[in-house]
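# Structural characterization, general
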Amino acid sequence: MNFNDLFSFERLIENMPNVLAGLPVTLSIVVCAFFIGGLLGFGIAIIRIRHIKILEQLIIVYISFMRCTPLIVQLFVVYFGLPLLVGLVGIDINRWDKLIFVLIAYILNEAAFLSELIRSSILAVPAGQTEAAYSIGLSNIQTYFRIIIPQAGRIAIPGLSVQIINLFQGTSLAFLMGVLDMMGRASAIGVNTYHVIEAYLDVAIIFIIISICLERFFIYLNKKYSYSLIKGGY
Amino acid sequence: MLEIKNIKKSFGNKQVLKDVSLSVQTGEVIVILGPSGSGKTTLLRCINFLERADGGELTISDKTVNFTKVHKKDIFEIRQKTAFVFQNYNLFNNKTAIGNVMEGLVVARKIPKSKAAEIAKHHLDEMGLADKYDCFPSQLSGGQQQRVAIARALALNPDVILFDEPTSALDPELIGETLGIIKKIASAQNNTTIIIVTHEMSFAQGVAHKVVFMDDGFVVEEGSPDDIFLRPKKERTKQFLSRISPIEYNI
């Protein structure tokens, strides 16, 4: 058995387009989970900050479930549990695309984590900022959108960067549900050709490049919105 | 004109304002003195509805509200007539100096941006901040931040300006500078009522038309600066003033 059987650069390059074809699926999971999850998380954060009864208690249970169980378990729960649950009211969703279940699981997971990040960022804005806004005649909503959210957003940037890179890499679990993302394609290549290493290395390369880009982007954001708090970024 | 009748405020079991009434004429400068915890700041915050008083009545110009039944609209209207200068400035960290001053004009008063910028520049210039328009609060010194905050309050052209210990967070040099500015405002503004909570006795004596001494949630004594500082009647006032060593600042 020579080395070429184990690993070859030709196969690494050959497989790249095939693996890359899964990138849109990966990215769509990231984008959906991050933005829809972010919106949901924002709503959840507001409910917790305003202490809205009953909803708040439900949300605490939901957040603790999402944070205390592995993502893979949540994926299975949504994949197998959701059809049963909506089946009870007579709706058949067994034919739905697998990707939809995966998206729902990631959105729910992300909403839980992001809501805590958003909540802590909003609470980190000093109360004096709100008081100053009220004192010059701003309404509640104006205060929120013009003073609190911009400052909270600034505080959240480093946390968001960790979160989105985590999410991006976490999408690699989706292939266990049979979704043909990059990981799914790599494992399919492995099964078909018996050469696994190159395809997975392709995945690793793509993950590294995109993660570094994301990281750079957030460092740029951090600098751009520093309000001169930190000279030269972090 | 500002009138407060029988205002009361408790935090939990602690009654901070027990029964305070106060009447201030238009254009008057009132200094409120008193030991920590006497309710001075709470009184100021109640006037601006940063705290909701439990009972009493408030009249500013032609607007009267009863604290037991206030509507959002009333609060809004009162806040339009008042401006607040905070002890720790509370400038909006996400806005530049000029942005801070323009915010209330553009968003709350609906003044067009170009006009608001003009007003903001005028007030910042008055404060000696002509070269600091585009600085964020973090790039300004404490004294400069407080001057932006004062410009922010003045720009709204309020009927009443409330100063809550405006110099407590500043160093001795900047205290003199800031007090000088407040003094200038006090002598220049004829239709604006000014209420100042401060511990600067000589400043109080120099600027006030009326001095109010508060202790333990009550107004103990009020009168002209000379009455309070030179001829205090109540024992508590004498006691308080005797403990304060007079420090002179160059105003």
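Heads up: the structure comes first, above all this text.
Residues numbered from 1 in each chain as written. Chains lettered and ligands numbered in written order. Predicted model: local features only at pLDDT ≥ 70, side-chain atom pairs only at ≥ 80, totals over all residues. Heavy atoms only, no water.

## Here we look at the overall build of chain B
A tally of helices and strands in chain B yields 9 helices and 10 strands. For 251 residues, the compact-globule estimate of 2.2 N^0.38 gives 18 Å, and chain B sits close to it at 18 Å. With the C-alpha coordinates of chain B rotated into their principal frame, the extents come out at 55 × 45 × 35 Å. When the 251 residues of chain B are sorted by exposure, 58% land in the buried category. Considering only contacts within chain B whose residues lie at least 6 apart along the sequence, 65% involve residues at least 24 apart. Counting only carbon and sulfur atoms, one obtains 47% of the accessible surface of chain B, whose full area is about 10,700 Å². (Helix = DSSP H or I, 4+ residues; strand = E, 2+ residues; numbered from the N terminus. Rg over C-alpha atoms; globule rule 2.2 N^0.38 Å. Buried < 20%, exposed > 50% of the residue type's maximum accessible area, 1.4 Å probe, protein only. Contact = heavy atoms within 4.5 Å. Areas by Shrake-Rupley, 256 points an atom, 1.4 Å probe, with all protein chains shown as cover.)

## Description of the pattern of salt bridges
A full pass over the atoms with the stated rule returns 17 salt bridges over all chains. One salt bridge in this structure joins A:Glu116 and A:Arg48, with 3.1 Å as the shortest N-O distance. Taken together, the positions of A:Glu116 in helix 6 (residues 98-124) and A:Arg48 in helix 3 (residues 23-50) put the pair 68 residues apart, joining distant regions of the chain. A single burial state applies to A:Glu116 and to A:Arg48, both of which are buried. Put simply, B:Lys18 and B:Asp216 hold a salt bridge, and the shortest N to O gap is 3.2 Å. Here B:Lys18, found in strand 2 (residues 14-24), pairs with B:Asp216, found in the loop between strand 9 (210-215) and strand 10 (218-223); they are 198 residues apart in sequence, far enough to count as distant. Given a relative accessible area of 23%, B:Lys18 falls into the partly exposed group. (Salt bridge = Lys/Arg side-chain N within 4 Å of Asp/Glu carboxyl O.)

## Section: the side chain of A:Gln151
Summarising the element assignment, A:Gln151 is placed in helix 8 (residues 140-170). Overall, A:Gln151 belongs to the buried group, its relative accessible area being 6%. A polar side-chain atom of A:Gln151 sits 2.8 Å from a polar atom in the side chain of A:Gln129. Dropping the residues within four chain positions of it, A:Gln151 is found in contact with A:Val125, A:Gln129, B:Phe92, B:Asn93 and B:Asn94. (Polar contact = N/O pair within 3.5 Å; in protein donor to acceptor, adjacent residues only side chain to side chain.)

## Quick word on the packing of aromatic side chains
Residues and elements named next belong to chain A. Throughout the structure, instances matching the rule amount to 12 aromatic pairs over all chains. Ring geometry for Trp 96 versus Phe 101: centroids 6.0 Å apart, planes at 45 degrees, classification tilted. Residue Trp 96 is classed as partly exposed on the basis of its relative accessible area, which comes to 40%. Judged by its relative accessible area of 4%, Phe 101 is buried. Where Phe 217 meets Tyr 220, the ring centres are 6.5 Å apart and the plane angle is 35 degrees; that geometry is what we call tilted. (Phe/Tyr/Trp six-rings, centres within 6.5 Å; stacked < 30°, edge-to-face > 60°.)

## Comments concerning a nonpolar patch on the surface
All names here are of chain A. Together, Phe 3, Leu 6, Val 196, Ile 197, Tyr 200, Leu 201, Ile 205 and Ile 209 give the surface a local cluster of nonpolar side chains, amounting to about 690 Å² of exposed area. Every element with two or more residues in the nonpolar patch is listed here: helix 1 (3-6) and helix 10 (197-224). With 5 residues, helix 10 is the single largest residue contributor to the nonpolar patch. If you trace the backbone, Tyr 200 turns up in helix 10. The exposure class assigned to Tyr 200 is partly exposed, which follows from its relative accessible area of 32%. (Patch = residues over 30% accessible without salt bridge, like charges linked within 9 Å, V, L, I, M, F, W, Y side chains within 5 Å.)

## Overview of the environment of A:Arg11
Residues and elements named next belong to chain A. Topologically, Arg 11 is positioned in helix 2 (residues 9-20). For the pair Arg 11 and Leu 201, spaced 190 residues apart in sequence, the C-alpha to C-alpha distance is 11 Å. Contact partners of Arg 11, with chain neighbours within four places excluded, come to Asn 4, Asp 5, Leu 6, His 195 and Glu 198.

## Remarks on helix 9 (residues 235-243) of chain B
Owing to its 3.6 residues per turn, the α-helix aligns residues three or four sequence positions apart on the same side. Residue and element names in this part refer to chain B. Within the sequence span of helix 9, burial applies to Thr 237, Phe 240 and Leu 241. Looking down the long axis of helix 9, one finds its buried residues gathered within 95 degrees of arc, a one-sided arrangement. Structural note: helix 9 exposes Glu 235, Ser 242 and Arg 243 on the side pointing more than 90 degrees away from its buried face. Contacts from the buried residues of helix 9 go to strand 3 (29-33), helix 7 (201-207), strand 9, strand 10 and helix 8 (225-230). (Arc of directions from axis to C-beta.)

## Comments concerning the sheet that holds strand 2 of chain B
Two strands in a sheet stick together by hydrogen bonds in their backbones, pointing the same way (parallel) or opposite ways (antiparallel). All names here are of chain B. Sheet architecture is open: 4 strands sit in the order 2-1-4-5, paired in antiparallel fashion. Because the sheet does not close on itself, it has two edges, and the strands there are strand 2 and strand 5 (63-66). The sheet shows a mean angle of 15 degrees between the axes of neighbouring strands, taken without regard to direction. With 7 bridges connecting them, strand 1 (residues 2-11) and strand 2 associate as antiparallel partners. Across the sheet, Glu 3 pairs through a bridge with Ser 23, a residue of strand 2. Its contacts with the sheet put helix 1 (residues 40-47) on strand 1, strand 2 and strand 4 (55-60), and the angle it makes with strand 1 is roughly 115 degrees. Against the sheet, helix 2 (residues 72-81) makes contact with strand 4 and strand 5, and its axis sits at roughly 135 degrees relative to strand 5, the strand it touches most. (Pairing = 2+ DSSP bridges. Axes fitted to C-alpha atoms, helices over the stretch in contact; angles between N-to-C directions.)

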